[in-house]
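The chain contents come next:
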Amino acid sequence: TSIMKRYHRQLNQGRKEVASIMNADNRVFLPGYGKLGFMLQLKSLIDPSYFRVEEQLNRGMAMRFAKKLIKETPNRSINKGSELAFYNAVDNIFNYREGEIETRHDHSFSYRHRNRNLYPYHDCTAQERSGLINMLFHETVRPDGERKIQANPHFFTDWNLALFQMTNSDLLEIDDRKRLIKYLRRNVPIAYFPGEYIQQELENFVLQPIRSRLGLPLTDELTKDDLIKMGDQIEPVYIFCQEKRLGRWYTYNDLSRYLRNDAEKELRILYKSGLLRLIKTKQWTVGIHFAQLGTKALACLNDIRDRQGFLITYGDNPAMMTDIVDIDRFHIGKADKEMVAHILGISKNSGFIQFVPAGVRTTLAYPTPIQTAKDFHELLKSTLYRKVKKSIGERKILEAFKKDAEQNGSPAKKVLEGLVSKSKKDKDELVTYSYVSGVYKDGLPWSGVLTRARTGQANLGWKFGVRATNGAPKKVTDFIREFESEKKRGKPQIAWNGGYILNAELVGKLGIPESYIGSPLGLIMSSETLHSIPLFNKPALLIQSNGQLAISRVNSSKGLTISSGSARINFTSDGYNPERELSIPTYYDLLYDGDHINEKDKYIVRLAGNRIKEVIPPGHDKLEIIPVGLTLAIPKDEYPNSWKEGMSLKLDLSDFPDMVAAIEAGPMLIGNGKVCIDMEKEGWKRAHSINTQAARIDYTDMRGPKIAVGLSSSGDLYVLTINGRIRESVGATHQDMAEILLKKGIVSAMGFDPGGSSTLVVGNQVLNISPYNPDFEQDVYSLQPVPRGVSNVVIGWTE
């Protein structure tokens, strides 16, 4: 307990100093793969049981690292009792907990375990956890002894070859050697974080850069006289190395002893002259951890940044840990871990020499990336990049990348296209959008897209409609293609997924026939045809005959008419959810409090949408309400004999004149310019609603992917999607969505079917990031996002 608390204090005590070398106002710095409390493998997000595999992999990774520390301790025989105490302490990391978490997340391990337990290690990345294990190692085993560095004569002939050899791989999938060599020759300070091949690294990143700046040919030896002539004009190289022992990595004492006594003459000269400087760090972790460097080391790093210097790291862990630091950097290594390979977007065991501009995060939206480090690397070598570079210069491009990364988090290609696309102004476009991002009060990040459609301007010819499928779910883009193929309408401009439906998983849980799969769970109207009536008191997007849009809570309490052919039955408001048996036709929606209905002398008709699923003749016992659609109770003498199971009926509501299309979803987020979330009033906490919503009651305080639609005072339509289940975004609660929209001036807003169903399309481009790919079995780690199929959509077009 004491070590855990001490370590977490150390993680947090350097946060303010770290803030000076990175802009984290709208994003979160991630020193590693991602927080251990969240699932990072694609299959864990989709397969409800696979998270246990990922948890065991995390435990195994921790124990392997612990064993590695034991094995690599220099010059020390370790007592077996101390070794056992150390392993037990590492195992206890996963058992130690402190209270409960306040806000749950639908891709967290605690959510999968259906609890709120707060495990402190969940706030660490895998790399940060290595520091905790190392601290436990020092407390229980107390390693000491030096690790001697053997001096080797240098045989440098060519930087290209030397850098390639340093990756220890046969293939370089990210190869920025040309840029790195250019940077090494610049007379700017270098911050270098060493790896395990110290001799080669000192040669390539210290000696040869300084020799190059001095203009020395390969055949000439560097001498004190060379430094006397030009030394005060040469910027130094700073080596940052940890004070505490960490396996086979060299400490500050190891390196200083080597450079004073055993290194080659040229390195000793550079060290004594101050052109090679050692910076002692306080970090316990593998790789590089800015918050653990210590005040003096961070001050030095700030100075290097201010003097236009750059940073070099060696190894796969530091490549994952510099994240959004505001310094140009280069990462050199080999992707021998699956997670590293997938985050970089390269094959396992391939090498990388990667350039990352200041302030930029190259891999976006892991584990369903919309951009990988390799994508970013290839973009910088593309024809488009060369074209923009020729036009405005590379410096302005990199500044644009940094500015957008700090404020929005857009893919780099989108930023680059924005630098050359001047043909249209935002004010002239029918639909505009921007990437948005931020940080919640609890320090966790969110990101998404905010879209505005200029529907408040009457002369633009806007039309909206609702589309539904009776068959298998389809992607929103498939609905759009069908719409376009009809050719009798205008051009689709914007589309998003609609309301809630009964999916196969819920049908299985409810124990009802498979024919109910895909049944709507609320109001659906398209082309003036009512396909399903309101079943609760949830909000709907209402599309009027004059083209205007409105958002309002809807229910069926004022009565309805159901007909087929000449048969017609009126259900008045008196027959709505009756508490006792009545002689008139009655109807029960999902706000009905009872579990059963007791109208033995009536025909019972179960509807899902507008289709008859079951007809039960009089003489039955009391019947259980199925939490899906409408239940009708019709007197014998009024029942139409033509009504049979499987047929469709015509529905008419008494309360919605001049409506041509509508879709119910919810909850209501904003009304009259104020947050108005009321889960009780809308029926979300009723038993029938809980049974038919996958997220159930808990998603009032659950962050995940969300989508919401709002209207401004001028009548413009806004669609906000907040990504979830990715490294850059934990998602949103409904309260979060409301607060984000309020800041944009929205006066009324509602949510739509959230989670993996959330899909926003402008033109033919999917803008949000789906945390889903149906081929997840082929690659459990990561795949590009693919929108999930849905049963209904809203499409806006212009004629």
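Please read all numbers here as calculations on a predicted model, not as lab measurements.

Criteria and thresholds
Residues numbered from 1 in each chain as written. Predicted model: local features only at pLDDT ≥ 70, side-chain atom pairs only at ≥ 80, totals over all residues. Heavy atoms only, no water. Helix = DSSP H or I, 4+ residues; strand = E, 2+ residues; numbered from the N terminus. Buried < 20%, exposed > 50% of the residue type's maximum accessible area, 1.4 Å probe, protein only. Areas by Shrake-Rupley, 256 points an atom, 1.4 Å probe, with all protein chains shown as cover. Lys, Arg positive; Asp, Glu negative; His and termini not counted. Charge placed at Lys NZ, Arg CZ, Asp CG, Glu CD. Patch = residues over 30% accessible without salt bridge, like charges linked within 9 Å, V, L, I, M, F, W, Y side chains within 5 Å. Salt bridge = Lys/Arg side-chain N within 4 Å of Asp/Glu carboxyl O. Pairing = 2+ DSSP bridges. Axes fitted to C-alpha atoms, helices over the stretch in contact; angles between N-to-C directions. 1 Å grid on protein atoms, 1.4 Å probe; cavity = no way out; pocket = protein on both sides within 12 Å on 5 of 7 lines; lining within 4 Å. Points joined across faces, edges and corners; volume = space filled by probe spheres on them. Nonpolar A, V, L, I, M, F, W, Y, C, P; charged D, E, K, R; others polar. Core = buried A, V, L, I, M, F, W, Y, C linked by side-chain atoms within 4.5 Å. Contact = heavy atoms within 4.5 Å. Polar contact = N/O pair within 3.5 Å; in protein donor to acceptor, adjacent residues only side chain to side chain. Arc of directions from axis to C-beta. Phe/Tyr/Trp six-rings, centres within 6.5 Å; stacked < 30°, edge-to-face > 60°. Lys NZ or Arg CZ within 6 Å of the ring centre and 35° of its normal.

Novice: Please explain the overall build of the protein as it appears in this structure.
Specialist: Helix and strand counts for the protein come out as 25 helices and 35 strands. The buried share of the protein, reckoned over its 799 residues, is 59%. With the model as given, the accessible surface of the protein reaches about 33700 Å², and the carbon-plus-sulfur share is 45%. Of the side chains in the protein, 109 bear a positive and 94 a negative charge, and the two mean positions are spaced by 4 Å.

Novice: Sorry if this is basic, but what is going on with a positive patch on the surface here?
Specialist: A cluster of basic residues, Lys178, Lys182, Arg186, Lys381 and Lys389, forms a positive patch at the surface. As for its position among the elements, Lys389 is in helix H18 (residues 383-392). On the basis of relative accessibility, which here comes to 39%, the residue Lys389 falls in the partly exposed class.

Novice: Where do I start with the sheet that holds strand E7 (residues 329-334) in this structure?
Specialist: Note on sheets: strands pair through backbone hydrogen bonds, and any given pair is parallel or antiparallel. The strand order across the open sheet built from seven strands is E2-E8-E7-E6-E3-E4-E5, with neighbouring strands paired in mixed fashion. Two strands bound the open sheet, and with one partner strand each, they are strand E2 (172-175) and strand E5 (276-281). Neighbour to neighbour, the strand axes of the sheet diverge by 20° on average, direction disregarded. Across six bridges, strand E4 (residues 237-242) lies against E5 in parallel orientation. By the bridge assignment, Gln242 is partnered in E5 with Thr281.

Novice: Would you take a moment to explain the sheet that holds strand E17 (residues 560-564) for this structure?
Specialist: Strand order across the open sheet formed by three strands is E18-E17-E25, with antiparallel pairing between neighbours. Bordering the open sheet on either side are strand E18 (567-571) and strand E25 (650-653), each of which pairs with just one other strand. Pairs of neighbouring strands in the sheet enclose a mean axial angle of 15°, with direction left out of account. Here E17 pairs with E25 via four bridges, running antiparallel. What sits directly across from Ile562, in E25, is Leu651.

Novice: Would you mind showing me how to read empty space enclosed by the protein here?
Specialist: It is the rolling of a water-molecule-sized probe over the atoms that shows where space remains empty. Throughout the structure, instances matching the rule amount to five cavities of 30 Å³ or more. Estimates place the volume of the largest cavity at around 340 Å³. In terms of lining residues, the largest cavity is bounded by 31 residues, among which Leu364, Asn408, Gly409, Ser410 and Glu728 are the most central. Mapped onto the lining of the largest cavity, the elements with two or more residues apiece are helix H19 (394-407), helix H20 (412-420), strand E9 (431-439) and strand E10 (445-453). Looking at which element gives the most residues to the lining of the largest cavity, the answer is E10, with four residues. For the lining of the largest cavity, the class distribution of residues is 18 nonpolar, nine polar and four charged. Contributing to the lining of the second largest cavity are 18 residues, with Ala319, Met320, Asp323, Thr362 and Thr363 lying nearest its centre. At the level of elements, helix H15 (316-321), E7, helix H16 (338-344) and strand E8 (351-356) are the ones that each hand at least two residues to the lining of the second largest cavity. Within the lining of the second largest cavity, the residues separate by chemical class into eight nonpolar, six polar and four charged.

Novice: How do you make sense of the nonpolar core when you look at a structure like this?
Specialist: The tendency in soluble globular proteins is for nonpolar side chains to be buried as a group. Counting residues in hydrophobic clusters, the biggest one holds 72 residues, and the most contacted among them are Phe86, Ile93, Ile133, Phe240, Phe290 and Leu301. Ranked by the residues each element gives to this core, the list is headed by helix H7 (residues 126-140), at six residues. Contact partners of Phe290, with chain neighbours within four places excluded, come to Val18, Ile21, Met22, Phe29, Leu298, Leu301, Leu311, Met321, Thr322 and Val325. Membership of the second largest hydrophobic core comes to 61 residues, among which are Ile181, Leu227, Cys241 and Leu380.

Novice: Explanation requested: the side chain of Glu682 in the structure shown.
Specialist: Along the polypeptide, Glu682 turns up in helix H23 (residues 679-682). For Glu682, the side chain forms a polar contact with the side chain of Arg553, separated by 2.8 Å. The residues contacting Glu682, other than those within four sequence positions of it, are Phe536, Asn537, Lys538, Pro539, Arg553, Leu591, Pro667 and Met668.

Novice: Can you walk me through the pairing of strand E11 (residues 462-468) in this structure?
Specialist: A regular strand carries its side chains on alternate faces of the sheet. Taking burial as the measure, the seven residues of E11 include five buried ones, the bulk of the element. Judged from the seven bridges that link them, E11 and strand E35 (residues 792-798) form a sheet pairing that is antiparallel. From the neighbouring strand, Gly465 faces E35, where its bridge partner is Ile795.

Novice: Where do I start with helix H21 (residues 476-486) in this structure?
Specialist: Residue pairs spaced three or four apart in an α-helix point in one direction, given the helix's 3.6 residues per turn. Every buried residue of H21 is listed here: Val476, Thr477, Phe479, Ile480 and Phe483. What you see down the axis of H21 is that its buried residues fit within an arc of 155°, all on one side. Of the surrounding elements, those touching the buried residues of H21 are E11, strand E12 (491-497), strand E33 (760-762), strand E34 (765-766) and E35.

Novice: Please explain the packing of aromatic side chains as it appears in this structure.
Specialist: Given two aromatic rings, their pairing is described by the distance between the two centres and the angle made by the two planes. Scanning the entire structure with this criterion turns up 27 aromatic pairs. Ring geometry for Phe330 against Phe355: centres 5.2 Å apart, planes inclined by 40°, an arrangement best described as tilted. Here Phe355 lies in strand E8 and Phe330 lies in strand E7, a separation of 25 residues in the sequence. The class for Phe330 is buried, based on a relative accessible area of 0%. The class of Phe355 is buried, set by a relative accessible area of 2%. The ring of Tyr516 has Lys613 sitting right over it, with the charged end atom 5.6 Å from the ring centre. When the ring centre of Tyr440 is taken as reference, the NZ or CZ atom of Arg703 above it lies at 3.9 Å.

Novice: Please explain the pattern of salt bridges as it appears in this structure.
Specialist: Once the charged atoms of two side chains with opposite charge are near each other, the side chains can pair. As enumerated under the stated definition, the model contains 35 salt bridges in all. Two residues, Lys374 and Glu173, come together in a salt bridge whose shortest N-O distance is 3.1 Å. Residue Lys374 is located in helix H17 (residues 373-379), and its partner Glu173 is located in strand E2; the two are separated by 201 residues in the primary sequence. Here Lys374 falls in the partly exposed class, since its relative accessible area comes to 21%. Ionic pairing is found between Lys402 and Asp326, a salt bridge with its closest N-O pair at 3.0 Å. Residue Lys402 is found in helix H19, and its partner Asp326 is found in the loop between H15 and E7; the two are separated by 76 residues along the sequence. Taken together, the salt bridges that share partners define one network made up of Lys68, Glu72, Glu196 and Arg248.

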